[in-house]
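A structural walkthrough
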Amino acid sequence: MGILMEKRISTDIVMTTNGLYQLMSWMSPSYPVGAYTYSHGIEYAVEAGLIKNIEQLIPWLKDVVEFGSGRTDGILLAEAYRAAKEKDDGRLLQVVELGYACRPTKELALETTAQGRAFVTVTKDVFPSPSL
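Residues numbered from 1 in each chain as written. Predicted model: local features only at pLDDT ≥ 70, side-chain atom pairs only at ≥ 80, totals over all residues. Heavy atoms only, no water.

Summing up its helical and strand segments, the chain has six helices and zero strands in all. What you see in the chain, going N to C, is helices and strands ordered as α-α-α-α-α-α. Taking all 132 residues of the chain together, 14% fall into the buried category. Looking at the chain alone, contacts between residues at least 24 apart form 48% of all its contacts between residues at least 6 apart. In the form shown here, the chain has an accessible surface area of approximately 10,400 Å², with 62% of it arising from carbon and sulfur atoms. (Helix = DSSP H or I, 4+ residues; strand = E, 2+ residues; numbered from the N terminus. Buried < 20%, exposed > 50% of the residue type's maximum accessible area, 1.4 Å probe, protein only. Contact = heavy atoms within 4.5 Å. Areas by Shrake-Rupley, 256 points an atom, 1.4 Å probe, with all protein chains shown as cover.)

This is the structure we're talking about:
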């Protein structure tokens, strides 16, 4: 199966309490990866009054996920997860190479690399793992 083909994901995943705490810490605004600075202009839209409530936010996010980089990010994340779960380093490398190819500008390449490096650095310090 090609990595861009649609595939159903099982929803019967069991998460441990420790795993849940780790995931929640990654989503914390205090986790130093700078993701808030790469939010498709949502902060500006809120400040400019273009997004004032949930009804205006949902279409914005829907467009990012359906037509923007959120779609590509979701596909790459799902494929990287599958490859890592199956311990398939060759497939994971293919996902990485496709991710590099999907970056349309040098600035996005720098953003992606800096954000990823910061995430891995902090994660290794907070949650030591031989796989990192």
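Now for the confidence of the model for the chain. Taken as a whole, the chain shows an average pLDDT of 80; of its residues, 80% reach a score of 70 or greater. The weakest mean pLDDT in the chain belongs to helix α1 (residues 17–26) at 76; the strongest belongs to helix α5 (residues 89–101) at 94. In the model, residues 1–7 has pLDDT below 50 throughout and makes 11 contacts with residues more than four positions away in sequence or in other chains. (pLDDT = per-residue confidence, 0-100.)

Along its 13 residues, α5 runs 18 Å from first to last C-alpha, staying within 8% of the 18 Å computed at 1.5 Å per residue. Looking at α5, one finds that the buried residues are Arg91, Val95 and Gly99. In a view along the axis of α5, the buried residues occupy a sector of 85 degrees, so they form one face of it. The exposed residues of α5 that point more than 90 degrees off its buried face are Asp89 and Ala101. Along its buried surface, α5 packs onto α4 (69–85). (Expected span 1.5 Å × (residues − 1). Arc of directions from axis to C-beta.)

So, on to the environment of aspartate 88. As for its position among the elements, aspartate 88 is in the loop between α4 and α5. We classify aspartate 88 as partly exposed; its relative accessible area is 32%. Side-chain polar atoms of aspartate 88 contact the backbone nitrogen of arginine 91, separated by 3.0 Å. (Polar contact = N/O pair within 3.5 Å; in protein donor to acceptor, adjacent residues only side chain to side chain.)

Counted according to the given criterion, the structure contains four salt bridges. The salt bridge partner of lysine 62 is glutamate 66, with a shortest N-O separation of 3.9 Å. Placement of both lysine 62 and glutamate 66 in helix α3 (residues 54–67) is noted, with a separation of four residues, approximately one turn of the helix. Between arginine 91 and glutamate 86 there is a salt bridge, and its shortest N-O distance comes to 3.1 Å. Take arginine 91: its relative accessible area is 15%, and that puts it in the buried class. Judged by its relative accessible area of 47%, glutamate 86 is partly exposed. Among the ionic contacts, a cluster of salt bridges with common partners joins Glu79, Arg82, Glu86 and Arg91. (Salt bridge = Lys/Arg side-chain N within 4 Å of Asp/Glu carboxyl O.)

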